[in-house]
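What follows is each chain in one-letter form.
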Amino acid sequence: MNHSLRLSFGLPWVLLGSVAFAQDAASPAPAVTSASAAQIQAQLQQSNEQLAKLRASIAQAQTGMPAGAPPVVPAVPGAGGAPVVLTSTATLTMGPKPVPEAPNAEEIRRLEAKLSRARAQRRAVNVAEAGTITASSAVALRSQVVFPYVENSIYEIYAAPDRMTAIELQPGEVISTENGKPKAADTVQWVSDTVMTGEGAERKTIVMVKPIITGVETNMLIPTNRHLYSILLRAESRAYMPLVAFSYPADEVKSATPTTPVAAATTEAVHEPVTVAPEDMNFGYRVKGPKVVWTPVRVFDDGTKTYLQMPPQMKSWESPALFVLEERQAPELVNYRVKGDYYIVDRLFHQAQLRIGTKHFVNIYRDERAGS
């Protein structure tokens, strides 16, 4: 049964439409109360207000866009009043980038000053790095690291928290500061002290250093009555040097007299032949180090003397100095004589080192298992 339904809201009549109801003859027509009509009117009013705001937003967005730009669609209210953002796939066309102006004289002056400071800093870093002697250039005597002392050099020493690093100075050497202590740049995160050991001419000064935490570094100066030690202290993880000492090749060379075999070798001695009975030769030696012009061709002994056969082309180069490394002692410059291509040492040794300067050295080890 079709009915034409009209609802009256006060005086005006509002036609909502024709609604078809399939009802049985006994079914009564649905009643529309004044409460449900008020809800419908409120919803219609809210929808009209939202549509008005949407039109105003679209008009405002389009009037503020540059010419040729695509329109911007604002957020549309969705179910429950939550905004639904509508996006456009079109991209905005940007104008050309402005060209920067050329720097003026004052800006050029500031840039040149900054570049000059950067070059000076780089120069300072290069000089410090070139003058730093690291553990790779030192000699290891069991747990002791022995640095060759070279004037105006920096010695890199590793320390660790809760570990004491002992730096041993030359026998008879004393620190020349007022309080007899070294000078460190950082006295908060680094602890240092000095002790004495030995008696008489063998009395030594020991400088002990320890960092409070890891990951810090500082420098330390140890001025003495003989030398000036510049130390670079690094605290990294648990890597540290428990014992540090120095060798003094320059002092040993100066103390050598002209009558020693190191300083004087006569022409007759140079051309004297080397004769060793074959049955007395022991070739149980190993040579380790970089391949340089003065690397020995072979090393052997006759039970009393040690012979180092040097390559013939070494005559055109600077001759290396020979140091003997005794257990738990600093490298000692040993007396030897030169005969032809041979260095002849009037003794046996377990370890020795040929060295030119502080960064070039070749180690020699006596090893009975290498054959005889």
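Higher on the page you've got the structure.
A brief report on the enclosed structure follows. Fair warning: this is a prediction, and the values are worked out from it, not measured in the lab. Throughout this description, residue numbers start from 1 for each chain and increase along the sequence as written. Given that this is a predicted model, residues contribute local features only at a pLDDT of at least 70 and side-chain atom pairs are listed and counted only at 80 or more, while totals for whole chains, interfaces and linings are drawn from all residues. Think of the side-chain values as coming from all heavy atoms in the structure, minus any hydrogens and water.

**A look at the environment of A352**
You can see A352 is positioned in strand β25 (residues 351–356). Classification of residues uses two cut-offs on accessible area relative to the type maximum, computed with a 1.4 Å probe and protein chains only: under 20% is buried, over 50% is exposed, and between them is partly exposed. Exposure remark for A352: the relative accessible area of 0% places this residue in the buried category. In this structure, the C-alpha to C-alpha distance between A352 and V324, residues 28 residues apart in sequence, is 4.2 Å. Segments assigned H or I by DSSP are reported as helices when at least four residues long, segments assigned E as strands when at least two residues long, and all are numbered from the N terminus.

**What to know about the sheet that holds strand β21 (residues 321–324)**
Sheet architecture is open: five strands sit in the order β18-β26-β25-β21-β22, paired in antiparallel fashion. At either end of the open sheet lies a strand with only one pairing partner, and these are β18 (285–288) and β22 (332–333). The sheet contact formed by β21 and β22 spans two bridges and is antiparallel. Across the sheet, residue F323 finds its bridge partner in β22, namely L333. By this definition, two strands are paired if DSSP reports at least two bridges between them.

**Considerations on the pairing of strand β15 (residues 216–223)**
The alternating pattern of β15 places V216, T218, M220 and I222 on a buried face, while none of E217, N219, L221 and P223, on the opposite face, is buried. Of the pairings in the sheet, the one linking strand β12 (residues 183–184) to β15 comprises two bridges and is antiparallel in character. Within β15, the residue paired with K183 across the bridge is L221. Across eight bridges, the pairing between β15 and strand β16 (residues 228–235) is antiparallel. By the bridge assignment for β16, M220 is matched with I231. Between β15 and β16, which pair antiparallel in sequence order, lie four residues.

**A few points about the sheet that holds strand β23 (residues 336–339)**
On the basis of which strands lie adjacent, the open sheet formed by four strands has the order β19-β20-β24-β23 and antiparallel pairing. Sheet topology places β19 (298–301) and β23 at the edges, where each strand pairs with a single neighbour. Mean inter-strand twist for the sheet, computed between neighbouring axes without regard to direction, equals 20°. Where strand β20 (residues 306–309) and strand β24 (residues 342–345) come together, four bridges link them in antiparallel fashion. By the bridge assignment for β24, L308 is matched with Y343. Interaxial angles span 0 to 180 degrees and are taken between N-to-C directions of axes, which are lines fitted to C-alpha atoms, for helices over the stretch in contact.

**Some thoughts on the environment of P182**
Tracing the backbone shows P182 in the loop between β11 (165–168) and β12. By relative accessible area, which is 8% here, P182 ends up buried. Contact definition: two residues touch when any of their heavy atoms are within 4.5 Å. If near-sequence neighbours (up to four positions away) are discounted, P182 is found in contact with I175, S192, T194, V207, M220, L221 and I222.

**Details of the pattern of salt bridges**
Side-chain pairing between opposite charges can occur once the charged atoms of the two side chains come close. Criterion for a salt bridge: a side-chain nitrogen of Lys or Arg within 4 Å of a carboxyl oxygen of Asp or Glu. As enumerated under the stated definition, the model contains nine salt bridges in all. Residue R109 pairs with E106 through a salt bridge whose shortest N-O separation is 2.7 Å. Here R109 and its partner E106 are both found in helix α2 (residues 105–130), three residues apart, which amounts to about one turn of the helix. Exposure remark for E106: the relative accessible area of 38% places this residue in the partly exposed category.

Shape descriptors only; they carry no functional weight alone.
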